[in-house]
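Observations on the three-dimensional arrangement
Here's the letter readout for the chains.
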Amino acid sequence: MSLSRRKFLKGLATTSAASVIGPGLLMQAAKAATEQASPYSTEGSWKVSGSHWGAFRAKVYNGKVVEIKPLEYDKYPTDMIKGIKGIIYNPSRVRYPVVRLDWLRKHKYSGETRGNNRFVRVTWDEALDLFYKELERVQKDYGPWALHAGQTGWRATGQFHSCTTHMQRAVAMHGNFVKKVGDYSTGAGQTILPYVLGSTEVYAQGTSWPDILANSKTIVLWANDPLKNSQVGWQCETHGAYEYYEQLKQKVAKGEIRVISIDPVRSKSQNYLNCEQIYVNPQTDLPFMLAIAHTLYKEELYDKKFLDTYALGFDEFIPYVLGNTEDKQEKTPEWAAPICGVEPDKIREFARLMAADRTQLIFGWAVQRQEHGEQPYWMGAVLAAMLGQIGLPGGGISYSHHYSGVGIPSSGASGPGGFPRNVDEGKKPKWENDDFKGYSNTIPVARWVDAILEPGKEIKYNGSNVKYPDIKMMVISGCNPWNHHQDRNRMKTAFQKLQTVVTVEFAWTASCRFSDIVLPACSQFERNDIDLYGSYSVSGILAMHKLVDPLYQSKPDFEIFTELCRRFGRHKEYTRGKDEMEWVRELYDGCREANAGKFEMPEFDTFWQEGLVEFGPGKPFIRHAAFREDPEINPLGTPSGFIEIFSRKIDRFGYKYCKGHPMWFEKSERSHGGPKSDKYPLWLQSCHPDQRLHSQMCESEDYRATYTVKGREPVYISPQDAQKRGIKDGDLVRVFNDRGQLLTGAVISDNYPQGVIRIHEGGWFGPLNEKVGAIDTYGDPNTLTQDIGSSELAQATSANTVVVDIEKFKGEAPPVTSFGGPIYES
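Residues numbered from 1 in each chain as written. Predicted model: local features only at pLDDT ≥ 70, side-chain atom pairs only at ≥ 80, totals over all residues. Heavy atoms only, no water.

From N to C terminus, the chain includes 28 helices and 30 strands. Against the compact-globule benchmark of 28 Å for 826 residues, the chain has a radius of gyration of 27 Å, which places it among compact chains. Based on the C-alpha atoms only, the size of the chain along its principal axes is roughly 75 × 70 × 60 Å. Taking the intrachain contacts of the chain between residues at least 6 apart in sequence as the baseline, contacts between residues at least 24 apart amount to 75%. (Helix = DSSP H or I, 4+ residues; strand = E, 2+ residues; numbered from the N terminus. Rg over C-alpha atoms; globule rule 2.2 N^0.38 Å. Contact = heavy atoms within 4.5 Å.)

Quick look at the side chain of Arg739 now. In this fold, Arg739 is placed in the loop between strand E26 (732-737) and strand E27 (740-748). A relative accessible area of 18% means that Arg739 is categorised as buried. Engagement of the side chain of Arg739 in a polar contact is seen with the side chain of Glu669, the distance being 2.9 Å. A polar contact of 2.7 Å, which involves the side chain of Arg739, links it to the backbone oxygen of Leu784. When near neighbours in sequence (up to four residues on either side) are disregarded, Arg739 contacts Asp487, Asn489, Glu669, Thr783, Leu784, Thr785, Gln786, Val802 and Val803. (Buried < 20%, exposed > 50% of the residue type's maximum accessible area, 1.4 Å probe, protein only. Polar contact = N/O pair within 3.5 Å; in protein donor to acceptor, adjacent residues only side chain to side chain.)

Spatial ordering of the open sheet is given by E6-E17-E18-E19-E4-E5-E30, a layout of 7 strands whose pairing is mixed. The open sheet has two free edges, formed respectively by strand E6 (147-148) and strand E30 (823-825), since each of these has just one partner strand. The pairing of strand E5 (residues 118-121) with E30 spans 3 bridges and is classified as parallel. When the sheet's bridge partners are listed, Phe119 is paired in E30 with Tyr824. (Pairing = 2+ DSSP bridges.)

Looking now at helix H14 (residues 333-340). Buried residues dominate H14, accounting for 6 of its 8 residues. Residues of H14 that are buried: Pro333, Trp335, Ala336, Ala337, Ile339 and Cys340. The inward-facing, buried residues of H14 abut helix H11 (285-298) and helix H15 (344-356). Once H14 ends, the next one or two residues include Gly341, with phi positive near 85 degrees.

Turning to the pairing of strand E29 (residues 803-808), a few remarks are in order. Each regular strand shows side chains that alternate between the opposite faces of the sheet. Where strand E24 (residues 682-685) and E29 come together, 2 bridges link them in antiparallel fashion. Of the residues in E29, the one forming a bridge with Leu682 is Val804. Where E26 and E29 come together, 4 bridges link them in antiparallel fashion. In the strand pairing of E29, Val735 is matched with Ile806.

Here we come to unusual backbone geometry. The backbone of Glu201 shows a phi angle near 65 degrees, a positive value even though the residue is not glycine. Among the secondary structure elements, Glu201 is positioned in the loop between helix H6 (187-196) and helix H7 (209-215).

Taken in spatial order, the 5 strands of this open sheet run E10-E9-E8-E12-E13, and their pairing is parallel. Whereas interior strands pair on both sides, the edge strands pair on one side only; in this sheet they are strand E10 (276-278) and strand E13 (396-398). Across the sheet, the mean angle from the axis of one strand to that of its neighbour is 20 degrees, orientation sign disregarded. (Axes fitted to C-alpha atoms, helices over the stretch in contact; angles between N-to-C directions.)

A few words on the UniProt feature "domain: Molybdopterin oxidoreductase N-terminal" (unreviewed entry) in the chain. Annotation from UniProt places "domain: Molybdopterin oxidoreductase N-terminal" (unreviewed entry) at residues 49-89. In residues 49-89, the share of helix is 12% and the share of strand is 34%. The end C-alpha atoms are 17 Å apart. (UniProt positions renumbered as here; feature names shortened; annotations may be inferred.)

Right, let's get into the nonpolar core. Trp222, Phe288, Ile292 and Phe350 are the most contacted members of the largest nonpolar core, which has 99 residues in total. Per element, the largest residue contribution to this core is 10 residues, and it comes from helix H16 (residues 374-387). Ignoring anything within four residues of it in the chain, the contact list for Trp222 reads Ile262, Asp285, Phe288, Met289, Ile292, Phe350, Ile362, Phe363, Gly364 and Leu383. In this structure, Leu498, Ala510, Ala543 and Phe604 belong to the second largest nonpolar core, which totals 82 residues. (Core = buried A, V, L, I, M, F, W, Y, C linked by side-chain atoms within 4.5 Å.)

With respect to the helices and strands, the residue Ser523 is situated in the loop between strand E19 (517-520) and strand E20 (529-533). Among the residues examined, Ser523 registers a relative accessible area of 1% and is labelled buried. For Ser523, the side chain forms a polar contact with the side chain of Glu526, separated by 2.6 Å. Beyond its immediate sequence surroundings of up to four residues, Ser523 is in contact with Ile88, Arg93 and Phe506.

Time to look at the environment of Ser261. Topologically, Ser261 is positioned in strand E9 (residues 258-262). We classify Ser261 as buried; its relative accessible area is 1%. Taking the C-alpha atoms as reference points, Ser261 and Glu276, 15 residues apart in sequence, are found 6.1 Å from one another. Leaving out residues up to four positions away in the same chain, Ser261 has contacts with Leu221, Ser267, Gln270, Cys275, Glu276, Gln277 and Ile278.

Contact geometry for H11 and H16: axes closest at 10 Å, N-to-C directions at 20 degrees. In this view, H11 runs roughly parallel relative to H16, as classed from their interaxial angle. Considering the relative orientation of H11 and H16, their crossing is left-handed. Contact residues: Leu286, Met289, Leu290, Ile292, Ala293, Leu296 and Tyr297 in H11; Gln375, Pro376, Met379, Gly380, Leu383, Met386 and Leu387 in H16. Classifying every residue of the contact of H11 with H16 by side-chain character gives 12 nonpolar, 2 polar and no charged. (Parallel < 35°, antiparallel > 145°, perpendicular 65-115°, else oblique. Left-handed = near helix turned anticlockwise from the far one by under 90°. Nonpolar A, V, L, I, M, F, W, Y, C, P; charged D, E, K, R; others polar.)

As a further point, take the packing of aromatic side chains. Each aromatic ring pair is described using two quantities: the centre-to-centre distance and the angle formed by the ring planes. This structure, assessed with the given rule, holds 55 aromatic pairs. Between Tyr203 and Trp365, the aromatic rings sit 5.4 Å apart at their centres with planes inclined by 80 degrees, giving edge-to-face as the arrangement. Placement of the pair is Tyr203 in the loop between H6 and H7 and Trp365 in the loop between strand E12 (359-363) and H16, with a sequence separation of 162 residues. Taking the centre distance of 5.7 Å and the plane angle of 65 degrees together, the rings of Tyr588 and Phe604 count as edge-to-face. On the criterion of sequence distance, the pair formed by Tyr588 in helix H23 (residues 580-594) and Phe604 in helix H24 (residues 604-610) is long-range, its members being 16 residues apart. Note on Tyr588: relative accessible area 0%, which makes it buried. Taking the relative accessible area as the measure of exposure, Phe604 reaches 3% and is therefore buried. (Phe/Tyr/Trp six-rings, centres within 6.5 Å; stacked < 30°, edge-to-face > 60°.)

Set out below in structure tokens:
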């Protein structure tokens, strides 16, 4: 065991470690161990666990978590750690198996009242029997095309207890089903970038922060707020990126690096770094970018040699910039200025600045969650290619530096595997039917509501055609589609058509409200697991000790789906004959074996008692460096192997809104003089929240109370827009458009310009009732967003293409209906 590779966590060492640690550390550990009390003593005991918000210690007393504190290795813990106790203990826990009243007793498959929140308690056996019978009925009466179990979204941390994995393995053992492709976070970006840079890029490790800080002279945060978004991670977050943000702040103050935020809003990162901002009108990044390209070309500031060596298609693209194509419009700064709101001289100045020295472009994800969202990501790569710095330390382009600690040097160690998602090799499902009757068995992730409403319709998608299946039943587990999808009233209409919806969840989200069978899973803190510590840094492996027994009648997903499989005789195959701790041990031992040639890891029992094994320091990495060094030996994954400024493959698709090179397309609705701005003059920004992970933690009552306004989600608004509408700070306001209406609490802030408001996504949908058009009582922005595809290429979400208006709410406000669970009927 190598102490240079890992450290004992204070308070969890035992005397068995005497032979491998020095006396000083041993005495410290022994002292801490003697201070440990039994779980039911006056003092309580401390246990280690982890979450998306970071690793922590939990004090357990009399079988209840009474205190949470960040693990001492986390030097920059997020404030959200304070909300974890409220995830375990809150009125919105799913306590018992329940079935929707009207589905069970009245018009069984009628969805007219789905969403009225009236449910009947049943036993676990009754609920699982109903679940199984519905799977049987749908496969028998229809076929695999009628069952959608291809969910997307986040889940609780833990390598073994991954909700989607458990659900899809169990359902796949029973029969085939409709799956999805892509995700809501990066749907447009991850589809376009393989054609341009050869990989999805959005989830790729980026250039290490130390290399950026040592070499960059200008850093451009393009629609990116890393200080806000780096609080959470896909796996247990280390928050190591904040050390580099701190160093960057110091370099900005000394004038060693210029950081420029391109955003309509003064972001949290901009305020922290005290950096510059270029305001751009919402959804008009493309005209701004095209004008930059025009300046770089006209002033001969672009890198001709780089383009000749590493890129294809510049000669096909530049005529569009010069106005020598069908539209006859030269993309000058003077043309762009009235659209994007940036003065022509400011555009030229910015282009010259980027070309003058080492520039790192860092894009966020929100800019591609709009109509034609493929275009800004493609055009960002074109600008980076014109600057010629791709593959250099502190230069080039990144689409991921705000996510899960991307940019923290990685240890290079192997992480643990997970529970298998698919049917075991050589095995077949009970229902072997793979005939989808001409329907597509995989659909773009954001188009499932379209499929319910328009079965049989054919759409174009990424070079192929998709025929929407006629979905009758949905299975959802541990994710919340009634958060991440758009246009709630359209969703209500769609859910009225479904026959059966089954949700497995620990908190009573809107997805539960609009289900027919709801099974209570326990929270991640009521089961044992392990997790990778640092999604990209791969800093170590963390033990996730069960803090308390499952509350109420909840069960781990593993147990729930084992019992479902028992109903068709596949439970032994599902578990492979192992229980929870045997699986956890196997996953750890597999990681230990994979790293055996690199460094020594302790036996599982030692690790489990210590709580953390560290993998050692990371190594620097430069994105695209190998490609730059030799593009023939290290080609990109594009059809040509080079950066494709012009894509012949996309051009051959013949799409109207995604052609052979980046282009500006007007939006269906846009503020600041765009379509529909005369009726709805405000752009609604619904970016990732500052105090949640999407909808996770919204149920944590005490923590939610730290940011809500009169019990509602905040809407951030400029002083000018508030004054014009007679709105004061703290007022309840109604935000509305033709798609819906919601109540929120006003927060007036100079960070927001005139014509731009923000409601963070993830606030729990709380409709006044199940009727289409009913007001949302809490403040879910997707009540207002439109449900259209980004283009024929990606068919991704266009959540940020939305305009609204706002007014002071008058009259008696309805109570918030988002929290507290179902109405129980006898």
